[in-house]
Amino acid sequence: MSLDEALAEIDARIRPAVTIERVPLRQASGRVLAADLVANVTHPAHDNAAMDGYAVHHADLSPSEPTTLPVTARVAAGHPLDRPLPPGEVARIFTGGVMPEGADTVIMQEDVTDLGDGRVTLPAGVTRGRHVRTAGGDFRTGATILAAGRRLRAPDVALAASAGHAYVPVFERVRVGVFSTGDEVFEPGTDLPPGGLYDGNRYGMMALVEAMGAEVTDLGHLPDDPDRITRALDDAADAHHLLLTSGGVSVGGEDHVRDVVAALGSLHFWKLAIKPGKPTALGLIRETAFAGLPGNPVSALVTCLLVVRPVVQRLAGLPVTIPRRYAVPAGFSHTKSGNRREFLRGWIEDTPDGPVVRVFHSQDSAMIRSMGAAAGLVDVPAERATVAPGEPVAYLPFSELLS
Ligand SMILES: Nc1nc2c(c(=O)[nH]1)N[C@H]1C(S)=C(S)[C@@H](COP(=O)(O)OP(=O)(O)OC[C@H]3O[C@@H](n4cnc5c(N)ncnc54)[C@H](O)[C@@H]3O)O[C@H]1N2
Ligand code: MOO
């Protein structure tokens with residue numbers, strides 16, 4: 001199955017699984033807005049001063065020479081004047097101060113001479129409305145300020161607060177349980193027996209799905225034992241929207257994950273025509289989605305980005321977004337070893353002739369360092385046999401996959 005067919009399958013099969021909750025703003029960052037947010041107030045609420053200076057009636061100013069007028073009022077932010085400003089008079093005003101009724105222009109204090117006797121001399125040639133922020137210039141009551149489906153970032157939280165919201169409706173976080181499998185896999189920090197290696201995958205997968213906005217349960221590590229795997233998946237399914245495993249999905253004599261899932265539930269697909277990531281399985285255990293990622297460390301992380309991310313988006317009630325690719329000249333040559341679509345680990349480098357994409361010297365999916373060195377993936381289509389230096393390639397930054 002091609003990756004595009006797999007994504008279509010995900011779109012069709014995975015249904016939104018989360019409910020809506022209201023969270024205080026302090027907990028809103030990174031969450032997905034579940035309904036359009038409309039402004040409770042108009043901002044700015046009133047015409048107000050954009051500078052520290054003097055509020056005037058523009059009609060009082062001579063267009064050709066300085067004008068001297070008395071200062072009869074003082075307006076600080078939060079302390080509006082309780083009367084109109086009569087023509088021929090000036091109000092001292094500070095940034096954010098509400099424009100007194102009648103005044104229409106602010107002159108910044110650097111341009112004004114204070115005569116010291118309660119009068120000021122104002123310059124000629126001032127434009128009407130200068131340094132005044134108009135009421136509603138930012139947003140008005142009832143305006144939609146944030147659209148449903150948006151993942152809230154710091155500026156969005158500031159906007160929601162400015163519009164008067166103490167709580168916002170967000171989708172519940174997708175709950176993802178993560179296992180690793182393999183008799184050879186051991187916990188970092190413990191002693192390694194002969195033939196053992198440390199569990200990179202589980203930690204990498206947990207960090208990635210957390211970066212996708214999901215809530216992760218660390219379900220630990222499982223041996224290559226079908227009964228133990230069956231029990232663990234069966235026990236964990238109902239408390240999660242998605243279960244993830246690494247390892248044991250290929251064709252070896254100790255690859256049990258696929259059979260276990262087929263027995264507990266069903267498999268939507270198993271093999272994908274991508275490299276790395278061929279033995280990637282997607283299925284269902286009762287109501288809970290299941291993704292079995294390959295054991296090779298690069299394959300586990302790349303499939304987490306390419307396949308698990310859209311699954312998490314669908315479960316979260318979001319549309320599956322196609323990450324943006326950039327056409328960049330290749331700074332490498334490459335010959336494909338088969339007819340799978342390949343995702344090479346690479347990064348952008350500046351050269352005197354402009355930016356090029358470089359790729360890590362080893363594209364072996366067991367070499368986790370290639371992921372650490374990379375800032376993105378070079379997407380080489382199935383039908384393309386070779387890449388020569390200078391030819392454009394499609395570069396997919398990791399940042400596009402984690403926003
Ligand atoms: N005869 C075939 N052999 C293999 C095929 C195939 O089509 N025919 N596919 C290869 C591909 S592609 C991949 S990818 C791997 C994936 O196999 P599994 O998902 O069954 O993974 P394992 O065999 O359990 O492990 C593969 C490799 O990764 C290491 N590993 C496993 N778990 C972890 C972990 N948590 N942290 C770090 N490293 C891990 C494991 O020791 C193995 O070296 O199958 C190929 N074989
Ligand atoms: O997915 Mo295996 O995807 O080539 O290492």
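Please read these numbers as outputs of a predicted model, since none were measured by experiment.

Calculation rules
Residues numbered from 1 in each chain as written. Chains lettered and ligands numbered in written order. Predicted model: local features only at pLDDT ≥ 70, side-chain atom pairs only at ≥ 80, totals over all residues. Helix = DSSP H or I, 4+ residues; strand = E, 2+ residues; numbered from the N terminus. Rg over C-alpha atoms; globule rule 2.2 N^0.38 Å. Buried ≥ 20, exposed ≤ 12 C-beta atoms within 10 Å, placed from the backbone. Contact = placed C-beta atoms within 7 Å. UniProt positions renumbered as here; feature names shortened; annotations may be inferred. Near = placed C-beta within 6 Å. Nonpolar A, V, L, I, M, F, W, Y, C, P; charged D, E, K, R; others polar. Pairing = 2+ DSSP bridges. Core = buried A, V, L, I, M, F, W, Y, C linked by C-beta atoms within 7 Å. Axes fitted to C-alpha atoms, helices over the stretch in contact; angles between N-to-C directions. Parallel < 35°, antiparallel > 145°, perpendicular 65-115°, else oblique. Left-handed = near helix turned anticlockwise from the far one by under 90°. Arc of directions from axis to C-beta.

Focus on the overall build of the protein chain
For step 1, the next point in the chain: Along the protein chain, the regular secondary structure elements total 8 helices and 28 strands.
For step 2, the next point in the chain: Here the C-alpha radius of gyration of the protein chain, 31 Å, is well above what a compact globule of 403 residues would show, namely 22 Å.
For step 3, the next point in the chain: Seen along its three principal axes, the alpha-carbon backbone of the protein chain occupies a region of about 95 × 55 × 45 Å.
For step 4, the next point in the chain: Across the 403 residues that make up the protein chain, the buried fraction comes to 37%.
For step 5, the next point in the chain: If you take every contact in the protein chain between residues at least 6 apart in sequence, the share linking residues at least 24 apart comes to 71%.

Observations concerning the UniProt feature "domain: MoaB/Mog" (unreviewed entry) in the protein chain
For step 1, the next point in the chain: In this structure's numbering, the residues bearing the UniProt feature "domain: MoaB/Mog" (unreviewed entry) are residues 177–314.
For step 2, the next point in the chain: Each end of residues 177–314 is marked by a C-alpha atom, and these two atoms are 16 Å apart; helix forms 36% of the span and strand 31%.

Points about the environment of L233
For step 1, the next point in the chain: When you line up the elements, L233 lands in helix 4 (residues 226–237).
For step 2, the next point in the chain: Sequence-wise, L233 and T386 are 153 residues apart; in three dimensions their C-alpha atoms are separated by 42 Å.
For step 3, the next point in the chain: Apart from the residues within four sequence positions on either side, L233 is in contact with L243, V260, L264 and I285.

Considering the site of ligand 1
For step 1, the next point in the chain: Around ligand 1 sit 27 residues, and of these N201, G247, S250, P294 and G295 come closest.
For step 2, the next point in the chain: Among the elements of the structure, helix 3 (200–211) and helix 6 (297–315) are those that each provide at least two residues to the shell around ligand 1.
For step 3, the next point in the chain: Take the shell around ligand 1: its biggest share by element is 3 residues, from helix 3.

Digging into the site of ligand 2
For step 1, the next point in the chain: Taken together, K275, P276, G277, K278, P294, N296, S299 and S365 are the residues near ligand 2.
For step 2, the next point in the chain: When the residues that make up the shell around ligand 2 are grouped by side-chain class, the tally is 2 nonpolar, 4 polar and 2 charged.

A short note on the pairing of strand 6 (residues 90–93)
For step 1, the next point in the chain: Pairing of strand 4 (residues 53–56) with strand 6, which is carried by 3 bridges, proceeds in the antiparallel orientation. Within strand 6, the residue paired with Y54 across the bridge is R92.
For step 2, the next point in the chain: In the sheet, strand 5 (residues 67–75) pairs with strand 6 via 4 bridges, with the strands oriented parallel. The residue of strand 6 that forms the bridge with A73 is A91.

Thoughts on the nonpolar core
For step 1, the next point in the chain: By size, the foremost hydrophobic cluster in this structure holds 80 residues, and its most contacted members are M205, V209, L242, L244, A291, V311 and V312.
For step 2, the next point in the chain: It is helix 6 that contributes the most residues to this core, 12 residues altogether.
For step 3, the next point in the chain: Not counting residues up to four positions away in its chain, the partners in contact with A291 are L242, L244, A281, L282, V307, V308 and V311.
For step 4, the next point in the chain: By size, the runner-up hydrophobic cluster in this structure holds 18 residues, among which are V98, M99, A103 and I107.

Comments concerning the sheet that holds strand 20 (residues 279–285)
For step 1, the next point in the chain: The strand order 16-13-17-21-20-18 describes an open sheet built from 6 strands, whose pairing is mixed. In this open sheet, the two edge strands, each paired with only one partner strand, are strand 16 (215–222) and strand 18 (266–271). The sheet shows a mean angle of 15° between the axes of neighbouring strands, taken without regard to direction.
For step 2, the next point in the chain: Relative to strand 20, strand 18 runs antiparallel, the two being bridged by 4 bridges. Its bridge partner being in strand 20, L267 is matched across the sheet by G283.

Regarding the sheet that holds strand 6
For step 1, the next point in the chain: Strand order across the open sheet formed by 6 strands is 7-4-6-5-9-8, with mixed pairing between neighbours. Each edge of the open sheet is held by one strand with a lone partner, namely strand 7 (105–108) and strand 8 (113–114).

Quick word on the packing of helix 3 against helix 6
For step 1, the next point in the chain: Contact geometry of helix 3 with helix 6 gives a least axis separation of 10 Å together with a crossing angle of 30°. Taken together, the axes of helix 3 and helix 6 are roughly parallel relative to one another. Both helix 3 and helix 6 take part in a crossing whose hand is right-handed. Counted together, G200, N201, G204, M205, L208 and V209 of helix 3 and P297, A300, L301, C304, L305, V308 and V312 of helix 6 form the full contact between these two elements.
For step 2, the next point in the chain: Along the lines of polarity and charge, the residues of the contact of helix 3 with helix 6 split into 10 nonpolar, 3 polar and no charged.

Observations regarding the environment of T141
For step 1, the next point in the chain: The topology assignment puts T141 in the loop between strand 10 (132–133) and strand 11 (144–146).
For step 2, the next point in the chain: Counting along the chain gives 96 residues from T141 to A45, while the straight-line C-alpha distance between them is 9.5 Å.
For step 3, the next point in the chain: When sequence neighbours within four positions are dropped, the list of residues in contact with T141 reads A39, N40, V41 and T42.

A word on the packing of helix 4 against helix 5 (residues 257–264)
For step 1, the next point in the chain: At a minimum axis distance of 10 Å, the contact between helix 4 and helix 5 shows a crossing angle of 50°. Accordingly, the angle class assigned to the pair helix 4 and helix 5 is oblique. Seen along the crossing, helix 4 lies across helix 5 with a hand that is right-handed. Contacts from P226, I229, T230, L233 and D234 of helix 4 reach helix 5 at V257, D259, V260 and L264.
For step 2, the next point in the chain: Its residues placed into classes, the contact of helix 4 with helix 5 shows 6 nonpolar, 1 polar and 2 charged.

Concerning helix 1 (residues 3–13)
For step 1, the next point in the chain: Here helix 1 has its buried residues at L3, A6 and I10. An end-on view of helix 1 places all buried positions within 55° of arc, on one side of the element. In this structure, helix 1 carries D4, E5 and A12 as exposed residues pointing more than 90 degrees from its buried face.
For step 2, the next point in the chain: The elements touched by buried residues of helix 1 are strand 18, strand 19 (274–275), strand 20, helix 6 and strand 24 (341–351).

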